[in-house]
Amino acid sequence: MEKDISTSILSAWTQKLQAATASDLIIAGAGPSGLICASELARLGYAVTIIEKNLAPGGGMWGGAMLFNEIVIPSAAIPILEAYKISYKQATKELYTVDSCEATSALIYHASHNGAKIFNAVVVEDLIITENKVNGVVINWAPVHERGMQVDPLCLEAKAVLDATGHPCEVVSILTAKNHFRLTDGKSSIEYERSMNAKMGEKAAVEHTAEVFPGLFVCGMAACGVSGSNRMGPIFGGMLLSGMKVTKLIAAALER
Ligand code: 48F
């Protein structure tokens, strides 16, 4: 019995990882913006792989505001909550509150249920860049990476890569700081996010969601970081809408 339990897990997991060596899209980071994109593209039939460095996918949504586990969603993003069957309560004319555990678990469930493959406790530590295009990622176990163990990685190829790593914009930083590539708008470095301004940050997260280098897209808080826009705190409309916008951009690129 015990042997069968172990071999079942090993064979299912190996099949999943082998399929992930050639994806349509690899998403670095399973926060709200990345999970929305994963759900939507997987639902359309694309092969989507998510690499998340923490044990629990969900990013910065679980903790609400200062661990008060409620988040705020503006009216513009309510249709997304409805599509994902997430309950909400009206708080002011424009703002709604949502239980952060319900919202986060629903986003993870939909991504996985729609067919996106999630690898948790795994980190994107580098990019595959060939012929001036991002063609995949280099991964390692998060504990190996965190402890600085000298262990060589595995490589996963993809037609597109999405930096959804939130505040640190880790993937774009690999491109600019490590390889000295310029972004498509001519910038040679990341600006990193500015101080709190909820209105500006919410707008900027969507506005700056873009393909920043051939094959490399950015969404969510990473889009704010790359463009030097404001943080917005525990309001998540920009994250959900950014996930929707990048879905359209990537789907168009995959059809090119
Ligand atoms: O930070 P995060 O939730 O990203 P997001 O989708 O949403 C931001 C909001 O949560 C919040 C906010 C806006 O309301 O201010 O912060 O932009 O999730 C990013 C995820 O990426 C993972 C990290 O553990 C987190 O779960 N991550 C970061 N770097 C890597 C990574 C990496 N190199 N490889 C894999 N995962």
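First things first, this report covers the structure right here in the doc. Note that the structure is predicted; figures quoted are calculated from it, not measured.

Examining a nonpolar patch on the surface
The grouping of Met1, Ile5, Ile9, Trp13 and Trp141 at the surface amounts to a nonpolar patch, some 570 Å² of accessible area in total. Top element by residues in the nonpolar patch is helix 1 (residues 2–19). It accounts for three residues. With respect to the helices and strands, the residue tryptophan 141 is situated in strand 8 (residues 133–141). Tryptophan 141 gets classed as partly exposed once you look at its relative accessible area, which sits at 44%.

As for the pairing of strand 9 (residues 154–163)
Along any regular strand, the residues point their side chains to alternate faces of the sheet. One ladder, built from six bridges, connects strand 1 (residues 22–28) with strand 9; its direction is parallel. Within strand 9, the position partnered with isoleucine 26 by the bridge is valine 161. Inspection of the sheet shows strand 8 paired to strand 9 by four bridges, in the antiparallel sense. From the neighbouring strand, glycine 136 faces strand 9, where its bridge partner is glutamate 157. Judged from the three bridges that link them, strand 9 and strand 12 (residues 216–218) form a sheet pairing that is parallel. From the neighbouring strand, valine 161 faces strand 12, where its bridge partner is leucine 216.

Thoughts on the nonpolar core
By size, the foremost hydrophobic cluster in this structure holds 49 residues, and its most contacted members are Leu162 and Ile250. In terms of residue count, helix 9 (residues 237–255) provides more of this core than any other element does, seven residues in total. Not counting residues within four places of it along the chain, the set of residues in contact with leucine 162 comprises Leu25, Ile26, Ile27, Ala28, Cys37, Phe217, Val218, Cys219, Val246 and Ile250. Judged by nonpolar contacts, the second largest core, of 29 residues, contains Ala20, Ala28, Leu127 and Val212.

Here's the deal with the site of the ligand
Around the ligand, the surrounding shell holds 26 residues, and the nearest of these are Ser33, Glu52, Gly60, Glu170 and Met221. Take lysine 53: an N or O atom from its main chain is 3.2 Å from a nitrogen atom of the ligand. Backbone polar atom of valine 124 to a nitrogen atom of the ligand: 3.0 Å apart, as the coordinates give it. When isolated, the ligand has an accessible area of 730 Å², and the protein chains bury 93% of it. The cavity where the ligand resides is the largest pocket.

Points about the layout of surface pockets
The calculated volume of the largest pocket comes to roughly 620 Å³. Together, 33 residues line the largest pocket, and Gly59, Gly60, Thr165, Gly166 and His167 are the ones closest to its centre. The set of elements that each furnish at least two residues to the lining of the largest pocket consists of helix 2 (32–43), strand 2 (48–52), strand 7 (122–130), helix 6 (170–178) and helix 8 (220–227). Here the lining of the largest pocket takes three residues from strand 7, the largest share from any one element. When its residues are assigned to classes, the lining of the largest pocket shows 17 nonpolar, twelve polar and four charged.

So, the environment of tyrosine 84
When you line up the elements, tyrosine 84 lands in the loop between helix 3 (78–83) and strand 4 (89–90). In this structure, the C-alpha to C-alpha distance between tyrosine 84 and glutamate 202, residues 118 residues apart in sequence, is 20 Å. Apart from the residues within four sequence positions on either side, tyrosine 84 is in contact with Ile36, Ser39, Glu40, Ala106, Leu107, His110 and Met244. Of the polar contacts made by the side chain of tyrosine 84, one reaches the side chain of glutamate 40; its length is 2.5 Å.

Cut-off values and rules
Residues numbered from 1 in each chain as written. Predicted model: local features only at pLDDT ≥ 70, side-chain atom pairs only at ≥ 80, totals over all residues. Heavy atoms only, no water. Patch = residues over 30% accessible without salt bridge, like charges linked within 9 Å, V, L, I, M, F, W, Y side chains within 5 Å. Areas by Shrake-Rupley, 256 points an atom, 1.4 Å probe, with all protein chains shown as cover. Salt bridge = Lys/Arg side-chain N within 4 Å of Asp/Glu carboxyl O. Helix = DSSP H or I, 4+ residues; strand = E, 2+ residues; numbered from the N terminus. Buried < 20%, exposed > 50% of the residue type's maximum accessible area, 1.4 Å probe, protein only. Pairing = 2+ DSSP bridges. Core = buried A, V, L, I, M, F, W, Y, C linked by side-chain atoms within 4.5 Å. Contact = heavy atoms within 4.5 Å. Near = heavy atom within 4 Å. Polar contact = N/O pair within 3.5 Å; in protein donor to acceptor, adjacent residues only side chain to side chain. 1 Å grid on protein atoms, 1.4 Å probe; cavity = no way out; pocket = protein on both sides within 12 Å on 5 of 7 lines; lining within 4 Å. Sits in = over half its atoms within 2 Å of the grid points. Points joined across faces, edges and corners; volume = space filled by probe spheres on them. Nonpolar A, V, L, I, M, F, W, Y, C, P; charged D, E, K, R; others polar.

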